[in-house]
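Each chain, written out:
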Amino acid sequence: MSDTSPSEPLVLDVWCELQCPDCRSALTDLRALRERYGDRLELRLRHFPLEKHKHSFAASQAAEEAMVQGRGWPYVEAVLARVEELDREGEPFLVQAARELGLDAEEFDTALVDGRHILIVDADQAEGKAIGVTGTPTYVIGGERLDGGKSQEGLRGRVEEIADRLLATGSPDA
């Protein structure tokens, strides 16, 4: 008996930063991948806040709170769609975006103050640095790192090639 069941989804780690225009551009590809693979591909948000964006660390924490509240990806998409507002307004915008999605905005505010998600964000960033992530978005699938921060061109096709190969062999790590 193997450790991985055939129904276990293939994981695509998406190293993202919610104040990053390139990550916003990548949403089209992520939606297309979700549509093509459905439950066979798990998109896993990984945080890589960049120092040049002063609200990105708080945005990563807010995204984790959205995950806890069961609306992680809708929140990520909502914030990325309005990067300019995040640039201008910072943390109040993060709470407002949560409220607009029907999430518990007060809990978001509290989470940003008490820092309950800082360790997750720090751990993601440390792991990203350890595997060579330097910008966002960066994807890791089947042990292969694909840098979307330099160019989105052809990236979805490359992810699909790897995903198709791994799903055909039935091994998420092949």
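Values in this document were obtained by computation on a predicted structure and should not be read as measured data.

Formed by 44 residues in total, the largest nonpolar core has its most connected members in L12, L30, Y75, L94 and I141. Looking at which element gives the most residues to this core, the answer is helix α1 (residues 21-37), with six residues. Excluding anything up to four places from it in sequence, L12 contacts L30, L33, L41, E42, L43, R44, Y139, V140, I141 and V159. F48, L50, V133 and V140 belong to the second-largest nonpolar core, a separate cluster that totals five residues.

Turning to helix α5 (residues 91-100), a few remarks are in order. Turning to α5, its buried residues number three or more, namely F93, L94, V95, A97 and A98. Check the buried side of α5 and you find it contacts α2 (56-68), α3 (72-80), α4 (83-89) and α6 (105-114). Once α5 finishes, G102 follows within two positions and takes phi at roughly 80 degrees, a positive value.

What follows covers α3. Count 3.6 residues to each turn of an α-helix, and residues three or four apart come out pointing the same way. Most of α3 is tucked away, with eight of its nine residues classed as buried. Listed as buried for α3 are G72, W73, Y75, V76, E77, A78, V79 and L80.

Throughout the structure, instances matching the rule amount to one aromatic pair. Their ring planes at 40 degrees and their centres at 5.1 Å tell us that Y75 and F108 sit as a pair that is tilted. Pair noted here: Y75 is in helix α3 and F108 is in helix α6, with a separation of 33 residues, a long-range link. When sorted by exposure, Y75 lands in the same class as F108, which is buried. Between R34 and the ring centre of W73, over which it is positioned, the NZ or CZ distance is 5.1 Å.

What counts, and where the lines are drawn
- Residues numbered from 1 in each chain as written.
- Predicted model: local features only at pLDDT ≥ 70, side-chain atom pairs only at ≥ 80, totals over all residues.
- Heavy atoms only, no water.
- Core = buried A, V, L, I, M, F, W, Y, C linked by side-chain atoms within 4.5 Å.
- Buried < 20%, exposed > 50% of the residue type's maximum accessible area, 1.4 Å probe, protein only.
- Helix = DSSP H or I, 4+ residues; strand = E, 2+ residues; numbered from the N terminus.
- Contact = heavy atoms within 4.5 Å.
- Phe/Tyr/Trp six-rings, centres within 6.5 Å; stacked < 30°, edge-to-face > 60°.
- Lys NZ or Arg CZ within 6 Å of the ring centre and 35° of its normal.

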